[in-house]
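Chains, contacts and geometry: an overview
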Amino acid sequence: MTDFAWPIILIANAVLIILVGVLVLWKVHKDKKSGYPVQDERTAKISGKAAIGTYYITLAFMISLNLFIIFGKEFLDLPELEAGWAVIAIMLVSAISYGLLGAYYNRKGDL
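The paragraphs below set out a description of the structure included in this document. (Residues numbered from 1 in each chain as written. Predicted model: local features only at pLDDT ≥ 70, side-chain atom pairs only at ≥ 80, totals over all residues. Heavy atoms only, no water.)

**Thoughts on the overall build of the protein**
Along the backbone of the protein there are 3 helices and 0 strands. Tracing the protein from N to C terminus, the helices and strands come up as α-α-α. Radius of gyration (C-alpha) of the protein: 20 Å, far over the 13 Å computed for a compact globule of 111 residues. Counting only C-alpha atoms and orienting by the principal axes, one finds that the protein spans roughly 60 × 50 × 15 Å. A burial count over the protein gives 12% of its 111 residues as buried. A separation threshold of at least 6 residues defines the contact pool for the protein, and within that pool the share at least 24 residues apart is 76%. Total accessible area computed for the protein in this model is approximately 9,300 Å², and 71% of it derives from carbon and sulfur atoms. Looking at the protein, you have 10 positive and 9 negative side-chain charges, and the mean spots of the two groups are 17 Å apart. (Helix = DSSP H or I, 4+ residues; strand = E, 2+ residues; numbered from the N terminus. Rg over C-alpha atoms; globule rule 2.2 N^0.38 Å. Buried < 20%, exposed > 50% of the residue type's maximum accessible area, 1.4 Å probe, protein only. Contact = heavy atoms within 4.5 Å. Areas by Shrake-Rupley, 256 points an atom, 1.4 Å probe, with all protein chains shown as cover. Lys, Arg positive; Asp, Glu negative; His and termini not counted. Charge placed at Lys NZ, Arg CZ, Asp CG, Glu CD.)

Here is the structure:
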């Protein structure tokens, strides 16, 4: 990639982050102004159960990833896993499991 492209990418990234932040703040302000509560007991309970489940799933994934790295390096002569890929995998597992658990508990109905 050329040296010219990086400043453009960084500026575009900053603009997108600011735009998303403004949209989120606008939606929160609009919801507060409408008089509806942002979170009631049911949604708080769903979010809490999904967060606890996500915590345990992510913890189990990190432990299994560490064991895979240790045993793969020591016994199977696999190349070392770069830290960036491990962080990306953990972030994906965490985000996907929170979304799936939240949808599951939301559809489940009676908690």
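**Points about the environment of Y98**
As for its placement among the helices and strands, Y98 is situated in helix α3 (residues 83-108). A relative accessible area of 39% means that Y98 is categorised as partly exposed. A C-alpha to C-alpha distance of 5.4 Å links Y98 and T54, two positions 44 residues apart in sequence. Beyond its immediate chain neighbours, meaning those up to four positions away, Y98 contacts S47, A50, A51 and T54.

**Description of the pattern of salt bridges**
In the structure shown here, the tally under the stated rule is 1 salt bridge. The partner of E80 in a salt bridge is K73, and the shortest N-O contact between them spans 3.8 Å. Using a relative accessible area of 60% as the deciding quantity, one classes E80 as exposed. K73 gets classed as partly exposed once you look at its relative accessible area, which sits at 38%. (Salt bridge = Lys/Arg side-chain N within 4 Å of Asp/Glu carboxyl O.)

**Comments concerning the packing of helix α2 (residues 41-74) against α3**
Relative orientation of the contacting elements α2 and α3 amounts to 145°, with a least axis distance of 8 Å. Where α2 crosses over α3, the two elements pack in a sense that is right-handed. The residue inventory of the contact of α2 with α3, partitioned by class, reads 14 nonpolar, 8 polar and 2 charged. (Axes fitted to C-alpha atoms, helices over the stretch in contact; angles between N-to-C directions. Left-handed = near helix turned anticlockwise from the far one by under 90°. Nonpolar A, V, L, I, M, F, W, Y, C, P; charged D, E, K, R; others polar.)

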